[in-house]
Amino acid sequence: MKKTATLLAVWAVAGTAAAQSSVTLFGVVDATLQHISNAGGASVSRLTNSGFSNSRLGFRGVEDLGGGLSASFWLEAGLNNDDGTGLATNSNNQASGAAPAAAGGQGLTFNRRSTVSLAGPWGEVRLGRDYTPQFWNLTIFDPYGNVGVGATLTFGSIVTGAPFTAARASNSIGYLLPGNLGGFYGQVMHYRGENASNAAGGTASDGTGTGARFGYASGPVNVALALGRTQRAGALGDIRQANIGAQWDLGVARLMGQVTSDKGSASAVAGGPALAADGHGWLLGALVPVGAGEVRVSYSQYRQEFAAADNRARKLALGYVHHLSKRTAVYTTYARLNNRGGAFATVTQGAGSPAANGSSSGFDVGLRHSF
Amino acid sequence: MKKTATLLAVWAVAGTAAAQSSVTLFGVVDATLQHISNAGGASVSRLTNSGFSNSRLGFRGVEDLGGGLSASFWLEAGLNNDDGTGLATNSNNQASGAAPAAAGGQGLTFNRRSTVSLAGPWGEVRLGRDYTPQFWNLTIFDPYGNVGVGATLTFGSIVTGAPFTAARASNSIGYLLPGNLGGFYGQVMHYRGENASNAAGGTASDGTGTGARFGYASGPVNVALALGRTQRAGALGDIRQANIGAQWDLGVARLMGQVTSDKGSASAVAGGPALAADGHGWLLGALVPVGAGEVRVSYSQYRQEFAAADNRARKLALGYVHHLSKRTAVYTTYARLNNRGGAFATVTQGAGSPAANGSSSGFDVGLRHSF
Amino acid sequence: MKKTATLLAVWAVAGTAAAQSSVTLFGVVDATLQHISNAGGASVSRLTNSGFSNSRLGFRGVEDLGGGLSASFWLEAGLNNDDGTGLATNSNNQASGAAPAAAGGQGLTFNRRSTVSLAGPWGEVRLGRDYTPQFWNLTIFDPYGNVGVGATLTFGSIVTGAPFTAARASNSIGYLLPGNLGGFYGQVMHYRGENASNAAGGTASDGTGTGARFGYASGPVNVALALGRTQRAGALGDIRQANIGAQWDLGVARLMGQVTSDKGSASAVAGGPALAADGHGWLLGALVPVGAGEVRVSYSQYRQEFAAADNRARKLALGYVHHLSKRTAVYTTYARLNNRGGAFATVTQGAGSPAANGSSSGFDVGLRHSF
């Protein structure tokens, strides 16, 4: 995402002069041959997408307003490039807003990000659909960036497959600190479920929530803390989340780790299940540069405290990425996941689940091209 | 929309020389904090879109064919940038062609405009999905351009919320007069419902219609008349529309007004309700330049003649737009609407309706960025 | 498609230097006035799309990796520009993966092609959704390129309207020979249905298939052979396809022909009907240059061997295309189709079917603009 095509653009101001500006068209097309095997369940061999980076197509631009002010927009759509479909978004941060179109009919939505911003020396105000603050630590401090068969378990998908931590929220207003605070960074975000005030069953506030994240990055160190809360009606109760992540770059390897704690861990934002069990997770990982490539190792766990059983899944992932250029890479990954206490998590979605306490493994070989 | 990024393009003609041409990527991302309150109904606070300009993403281009001829295309998709969804279109100018995808699954369609044209000194022939001629006066002569909480009532949505005048029609062929007629301008358009000739219930012609608009613009004056008719089967009867709008630019203010009359006013084009009551509306408004900004005032009414009652709604809207640049603006609007005779119109959609004869009010603060 | 806008792009490599690359935005907007008449059935007059070229919008690019290697991507969406909708894709090469969104809600999907490739002196490996090898001969050796009322009958849609030969497959891995083999060309492709290994009713392999095509083009001659097989469960049995096509350019005319044979001819890929009748088809045609235009003639047949009857349809098509430029053309076509043995094929879809053994005719006048 750091490298994108900046289209040279000339602004044709109606009838008068022309000013310079830029609109950027960018994207990722990542395809992978993948084999998934679930003990006591199914296996599948497939050509799928997003094994190393999530496939996407986007448009963005920045306008300099003078006086240190700027306006910008960012529209980014997820892409299933194995079959040409887009991905659904969630219109209200509740299960009711997440319904996708039919199997072959899901068009492009800007589900990944859809924002307009005003920025100045004081920071940035950002409006629209964006990543939640509580999402970032789980992703940035995962050697697999929460993508592919090696993705961290700390998002909490150990029973149903639906992640407990929502990556994004719609109808949000966010504030981000400016970039010149000597390594300190941070953001807060409030998002609305937008139910009517007289909604049935006390659900007027469902899907409304707030998150915050603060961190420090300097030299080889990067560490950050995030908190989030999303409202839900009735017996389910609100979802509260806290996580911390850190990274130390030793030169020969980048070590990273994260710890997460979820209260009432079933996401109202992503339309998760009606569960109210608390959950806890952690990850340890490393990225080891090897010539033009990189070895990726991670070990993660998620545990969910149901009344009847103490579900737990652990995953080990080992992978290698070979960079053909800054934009193009070939990669391979092997991951193996063990379930205990009745859990039936899978290494990735799309081939059902293993039997309770069964293992799940995944292997992929893929090609990632960005533009 | 007058200012758009013209992408410099080089035509790579297969194996031979290269010619110059241009494709334009353009759009609007408008986000707004909005509070809606409906007396006897619900209220809602939300981060929504399109408070000042309708959000959109589009592609267009023109090719010079020589001899005064040119070919062009225009593909423009509506955008809900608060959640990343697109908007549905209407495939047959009837209710059956307007069904959207599921809540989170509505992808981008070129619902706003999707045309290909051939133009010459004799004018322009335009094919595809385009604005109806009967739409323009209601929009151009509204200080709010039919957008946001201040939008004119003359589209007729005082009972059900579905506008009686369809902004656009699919499957159309249009002709537009050339631009050099000493201030006179005009267009005609024919659109097809495309039902089979043996369609049940005499509905073969449903959704087929014709519209025309003629006007004169010179110096401070702009005035135009439009007529439209859309066919419907059986007891409902055809929809016939006539409207006139005018504008006088005094320098210190641009005054504008419009009057509209609808027969059998329930839109077959937008998939409106099965009502056959005639309706009448008017608007008076002004745009007052203030430094780098503009004050916007409008007062509009729509009345519908049901047998049982004479529904009527009136709306007052007051707003201010501050231009940070030609492309970027911040704005705020307050609008209040009163219902009488059983009407239950709302100031904008998304928070239900007030009780019959209840009032509705809306307030927004937003950011509009175009590219 | 040979002429597309190459957007000049500068790569903003994070914090360092900038390299040159290119992303291409391309498309076709084709609109046509069309009248279809089905004997014993319906007729319809409409403004539709894709009478000469299939309307589309796409993005593609190539990156030179050095050493003769390159990476590339191609994302191409079908477009119904008469109403602004997109087209559905097929996510699993089975009927279950082809469901479109609702009537007005079908957004853009990259149903036409969605691939990422790695190419070198040894050829190209291509991953994603792409044309099947068995599709090409039926299209390239048809004067109408399988588009519009004149399209060849050899795709086999003589009973239900659903083509037996699927143009494309999702979840595919393909290999294409390099271009320097003295006129010889070829490709193989394997595609996955991606059902789970424990799918009900022995359907684990449904939608999985393989195709291959080899040909020779030199001077005025082009000839190619293709084979394909798509798996289906149970009584339906696999679909096996073989076809051959050839073209001879005499200068005054380009003559072309094709023969196709389908076993168990009901497409699992496009979600065709549950029929298992073998089918056979052929086409003879010519393209005759006339000044800045071209006359197009074709005569095609498809016959399907049901137990009860020997269905057969024949179509004659005559058309003219006038090129206003390399990108823009106006065209007209007349086609007439006769059914026998109980067949009720139609000249094109969208106006129902004729009665069994009834004729079908179509006429269009249109404008095609590419960019």
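Anything mentioned here points back to the structure above.
Residues numbered from 1 in each chain as written. Chains lettered and ligands numbered in written order. Predicted model: local features only at pLDDT ≥ 70, side-chain atom pairs only at ≥ 80, totals over all residues. Heavy atoms only, no water.

Caption draft 1: Structural view of the interface of chain B and chain C. Listed by partner, the interface residues are 50 residues for chain B and 45 residues for chain C. Of the roughly 3,700 Å² buried where chain B meets chain C, counting both sides, 69% is carbon and sulfur surface. If you look at where chain B meets chain C, you find 16 residue pairs in polar contact (both at pLDDT 80 or more). Looking at the side of chain B that touches chain C, the elements with two or more residues in it are β1 (5–12), β2 (18–38), β4 (56–66), β5 (69–80), β7 (113–120), β8 (123–131) and β9 (168–176) of chain B. In terms of residue count, the dominant contributor to the side of chain B that touches chain C is β1 of chain B (six residues). Residues that form the side of chain B that touches chain C fall into these classes: 26 nonpolar, 20 polar and four charged. (Contact = heavy atoms within 4.5 Å. Buried area = accessible area lost by both parts, 1.4 Å probe. Polar contact = N/O pair within 3.5 Å; in protein donor to acceptor, adjacent residues only side chain to side chain. Helix = DSSP H or I, 4+ residues; strand = E, 2+ residues; numbered from the N terminus. Nonpolar A, V, L, I, M, F, W, Y, C, P; charged D, E, K, R; others polar.)

Caption draft 2: Highlighting the pattern of salt bridges. Inspection of the entire model under this criterion finds 21 salt bridges over all chains. Close ionic contact of Glu124 of chain C with Arg126 of chain C constitutes a salt bridge, the shortest N to O distance being 2.9 Å. This pair shows no difference in class: Glu124 of chain C is buried, exactly as Arg126 of chain C is. Between Asp278 of chain C and Lys263 of chain C there is a salt bridge, with the nearest N and O atoms lying 3.8 Å from each other. Here Lys263 of chain C lies in strand β14 (residues 254–263) and Asp278 of chain C lies in the loop between β14 and β15 (279–290), a separation of 15 residues in the sequence. Residues joined by salt bridges that share partners form a network here, namely Arg113, Glu124, Arg126 and Asp130 of chain A. (Salt bridge = Lys/Arg side-chain N within 4 Å of Asp/Glu carboxyl O. Buried < 20%, exposed > 50% of the residue type's maximum accessible area, 1.4 Å probe, protein only.)

Caption draft 3: Inspection of the interface of chain A and chain B at higher detail. On the side of chain B, 45 residues touch chain A, which itself brings 50 residues to the contact. With both sides pooled, the region where chain A packs onto chain B buries about 3,700 Å², and carbon together with sulfur makes up 69% of that total. At the junction of chain A and chain B, the tally comes to zero salt bridges. Listing elements by their share of the side of chain A that touches chain B, those giving two or more residues are β1 (5–12), β2 (18–38), β4 (56–66), β5 (69–80), β7 (113–120), β8 (123–131) and β9 (168–176) of chain A. Ranked by residue count, the leading element in the side of chain A that touches chain B is β1 of chain A, at six residues. A class-by-class count of the residues in the side of chain A that touches chain B yields 26 nonpolar, 20 polar and four charged.

Caption draft 4: How the structure looks around the relation of the copies chain B and chain C. Of the two same-sequence chains, chain B is brought onto chain C (RMSD 0.0 Å, axial shift 0.0 Å) by a rotation of 120°. Interpreted geometrically, this transformation is the action of a three-fold axis. Taking the C-alpha atom as reference, chain B places Gly107 of chain B closest to the rotation axis, 2.5 Å from it. Here only 14% of the contact residues of chain B are again contact residues in chain C; the copies associate through non-equivalent surfaces. (Least-squares fit on C-alpha atoms with pLDDT ≥ 70 in both.)

Caption draft 5: Representation of helix α1 (residues 133–140) of chain A in the model. All names here are of chain A. Counting buried positions along α1 gives six out of eight residues, so the element sits mostly inside the fold. What α1 keeps buried is the set Pro133, Gln134, Phe135, Asn137, Leu138 and Thr139. Buried residues in α1 make contact with β8, β10 (184–191), β11 (209–218), β12 (221–230), β13 (239–249) and β14 (254–263).

Caption draft 6: Representation of the pairing of strand β7 (residues 113–120) of chain C within the structure. Residues and elements named next belong to chain C. Where burial is concerned, most of β7 is hidden: eight out of the eight residues are buried. With burial as the criterion, each face of β7 is covered, one bearing Arg113, Thr115, Ser117 and Ala119 and the other bearing Ser114, Val116, Leu118 and Gly120. As judged from the seven bridges shared by strand β5 (residues 69–80) and β7, these two strands associate in the antiparallel manner. Along β7, the bridge assignment pairs Ser72 with Ser117. Sheet analysis places β7 next to strand β8 (residues 123–131), joined by seven bridges and oriented antiparallel. Within β8, the residue paired with Leu118 across the bridge is Val125. Connecting the antiparallel pair β7 and β8 is a turn made up of two residues. (Pairing = 2+ DSSP bridges.)

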